[in-house]
Amino acid sequence: MTQEPGAHGATPSDRMARIIDAALARDGGWLPFDRFMALALYAPGAGYYAHGSRQFGHMPASGSDFVTAPELTPLFGRALAVQVAEALAQTGTGEVWEFGAGSGALAAQLLETLGERVARYTIVDLSGSLRERQRQTLAAWGGKVRWAGELPDRFDGVVVGNEVLDAMPVKLLVRRSGRWHERGVVRTPGGALAWEDRSTALRPPVEIESDHDYLTEIHPQARAWTATLAERLARGAVFLLDYGFPEAEYYHPQRHMGTVMCHQGHLADDNPLVAVGGKDITAHVDFTGIALAGQDAGLHVLGYTSQARFLLNCGLPDLMAQADAAQRAMAARLIHEHEMGELFKVIGFAAAGSTPWDAVGFRAGDRSHAL
Ligand SMILES: C[S@@+](CC[C@H](N)C(=O)[O-])C[C@H]1O[C@@H](n2cnc3c(N)ncnc32)[C@H](O)[C@@H]1O
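Let us look at the structure shown here. Only a predicted model underlies this, so the values are computations on that prediction, with no experimental measurement involved. (Residues numbered from 1 in each chain as written. Predicted model: local features only at pLDDT ≥ 70, side-chain atom pairs only at ≥ 80, totals over all residues. Heavy atoms only, no water.)

1. Focus on the sheet that holds strand β13 (residues 280–282)
As a reminder, the rule being used: Think of it this way: DSSP has to see at least two bridges between two strands before they count as a pair. Put simply, DSSP marks the helices as runs of H or I at least four residues long and the strands as runs of E at least two long, and each gets a number from the N terminus on. Helix axes use the C-alpha atoms of the stretch in contact, all axes being lines fitted to C-alpha atoms, and the angles between their N-to-C directions lie in the range 0 to 180 degrees.
One open sheet accounts for three strands, arranged β12-β11-β13; its pairing is antiparallel. Single-partner strands in this sheet number two, and they are β12 (267–269) and β13. Taken over all neighbouring pairs, the strand axes of this sheet differ in orientation by 30 degrees on average, direction set aside. Judged from the three bridges that link them, strand β11 (residues 261–264) and β13 form a sheet pairing that is antiparallel. In the sheet register, cysteine 262 faces β13, and the bridge partner there is isoleucine 281.

2. Section: the layout of surface pockets
Under the convention used in this document: Cavities and pockets were defined on a 1 Å grid built over protein atoms only: a cavity is a set of grid points that admits a 1.4 Å probe from which the probe cannot escape, a pocket is an open set flanked by protein on both sides within 12 Å along at least five of seven lines, and lining residues are those with an atom within 4 Å of any such point. Grid points are joined across faces, edges and corners, and a volume is the space filled by probe spheres set on the points.
Roughly 680 Å³ of volume is contained in the largest pocket. Phe99, Gly100, Asp125, Leu126 and Val164 are the residues nearest the centre of the largest pocket, which is lined by 38 residues in total. Of all the elements in the fold, those that place two or more residues in the lining of the largest pocket are α3 (69–72), β2 (95–99), α5 (105–114) and α7 (220–232). Considering every element that reaches the lining of the largest pocket, the biggest residue donor is α7, with six residues.

3. A closer look at the pairing of strand β8 (residues 193–199)
Here strand β7 (residues 179–187) pairs with β8 via seven bridges, running antiparallel. Opposite valine 185, over in β8, you have tryptophan 195 as the bridge partner. Between β7 and β8, which pair antiparallel one after the other, the connecting turn spans five residues, and glycine 191 there sits at a positive phi close to 100 degrees.

4. Details of unusual backbone geometry
Counted only if it meets this: Using a 1.4 Å probe on the protein chains alone, a residue whose accessible area is under 20% of its type maximum counts as buried, one over 50% counts as exposed, and one in between counts as partly exposed.
At serine 177, a residue that is not glycine, the phi angle is positive and equals roughly 50 degrees. Relative to the elements of secondary structure, serine 177 occurs in the loop between β6 (171–176) and β7. In this structure, serine 210 takes a positive phi of about 60 degrees despite not being glycine. Turning to its location among the elements, serine 210 is positioned in the loop between β8 and β9 (214–218). On the accessibility criterion, serine 210 (52% relative accessible area) is exposed.

5. Details of the nonpolar core
Quick reminder of the rule: Throughout this description, the term nonpolar core refers to a set of buried Ala, Val, Leu, Ile, Met, Phe, Trp, Tyr and Cys residues connected via side-chain atoms within 4.5 Å. By definition in these notes, contact holds between two residues if any of their heavy atoms fall within 4.5 Å.
The biggest cluster of nonpolar side chains holds 47 residues, and the ones touching the most others in it are Phe76, Leu80, Val84, Leu110 and Tyr121. Take this core: its biggest share by element is nine residues, from helix α4 (residues 74–91). In this view, leucine 80 contacts Leu106, Leu110, Val160, Leu241 and Phe310; residues no more than four positions away in its chain are not counted. In this structure, Met16, Phe36, Met37 and Tyr49 belong to the second largest nonpolar core, which totals 36 residues.

6. Observations regarding the site of the ligand
For clarity, the threshold we go by: We call a residue near a molecule or strand as soon as one heavy atom of that residue lies within 4 Å of the molecule or strand. Nitrogen and oxygen atoms within 3.5 Å of one another constitute a polar contact, given that in protein one can donate a hydrogen and the other can accept it, and given that sequence-neighbouring residues count only through two side-chain atoms. Computed by Shrake-Rupley with a 1.4 Å probe, the accessible areas treat only the displayed protein chains as cover when residues are assessed. Here the criterion for a molecule occupying a pocket or cavity is that more than half of its atoms lie within 2 Å of the pocket grid points. In the scheme used here, Gly and all other residues not listed as nonpolar or charged are polar, with Ala, Val, Leu, Ile, Met, Phe, Trp, Tyr, Cys and Pro taken as nonpolar and Asp, Glu, Lys and Arg as charged.
By nearness alone, 20 residues border the ligand, and Tyr42, Thr68, Gly100, Asp125 and Asn162 come closest of all. Within the side chain of threonine 68, one N or O atom sits 2.6 Å away from an oxygen atom of the ligand. Within the backbone of glycine 100, an N or O atom sits 2.7 Å from a nitrogen atom of the ligand. When the free accessible area of the ligand is taken as 600 Å², the share hidden by the protein chains comes to 96%. Its atoms largely coinciding with the cavity grid, the ligand occupies the largest pocket. Classifying every residue of the shell around the ligand gives 13 nonpolar, five polar and two charged.

What follows is the structure in structure tokens.
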């Protein structure tokens, strides 16, 4: 990220340091990690998603930090459109809602493919600077696209979210010598940010076998977000795509270092306390937690599977056969086991007020039983 001084000579990292110090002062000198992550990503004018830097793209040369499926190839959106089209028809709505629309690439792919089947496309994004970029990407669709600051109390539609859950703040839990602690952030007397663990009654959703030292995350925000969506979606469906696992894998005794990762310039590191606001911070998704949060609030699980299986079910091979070699190579990365095919998963829900159906994306290889 370039550190452009603002009108008052402060760079985003100066602003971020001040924001964190103000929050530390308010919270008695210790910030639980989820509050720290929320500020690092979304604090107005200073958070990673709240200033104008370029996050998404193919290569570091474009100034981007990571690539997502819709940035890699439009074939991603065209395949997902097969599932969205079916869900629109099944649930009798013409509304699509996209959460965390990034550059607007997926919205453009869905709008182009679905044409008249979409009467209105609503984007909900926490990031004001991204909203501006989305407006530019989607100018051709004019009045069909709108932006909502928050969810209405009741709505109908097919909801999509690609890599949104992984951008939601998580709590860090640490087991040391058999005792659980919540990990938070402090400022040391020398001025650096550092970890400090405090005793806690919080626990992972499943018992972690044996008693070795263990670092992991819990996802109260992603669960609360899913529950709110479930309560407010009257008719329609939800499709969420992201990297993660079911809880038995997430909380496997061998995964003792957690899953929090940072991304900058297409490099990954595991230290969120440096370059705060200048890089993305993510955690993998606990898909069992998402399924339970949705189900408890009334959603019906339509299916859960790998991204590869989902895209194959949606007809990606036919789309690849019609594409040129360069596009085919990009699309292969979406389904290749060692790239995005297996680590990324898709979960689908029908709204409480809609009848579940045999959704195309989960027709072969549904793994709901593993949740
Ligand atoms: C990793 S980016 C993914 C962007 C895009 N979907 C893509 O695949 O290229 C995460 C996005 O989620 C947004 N986001 C995170 N939490 C959100 C929430 N609770 N509601 C709406 N958007 C959210 C961020 O602002 C950002 O645009």
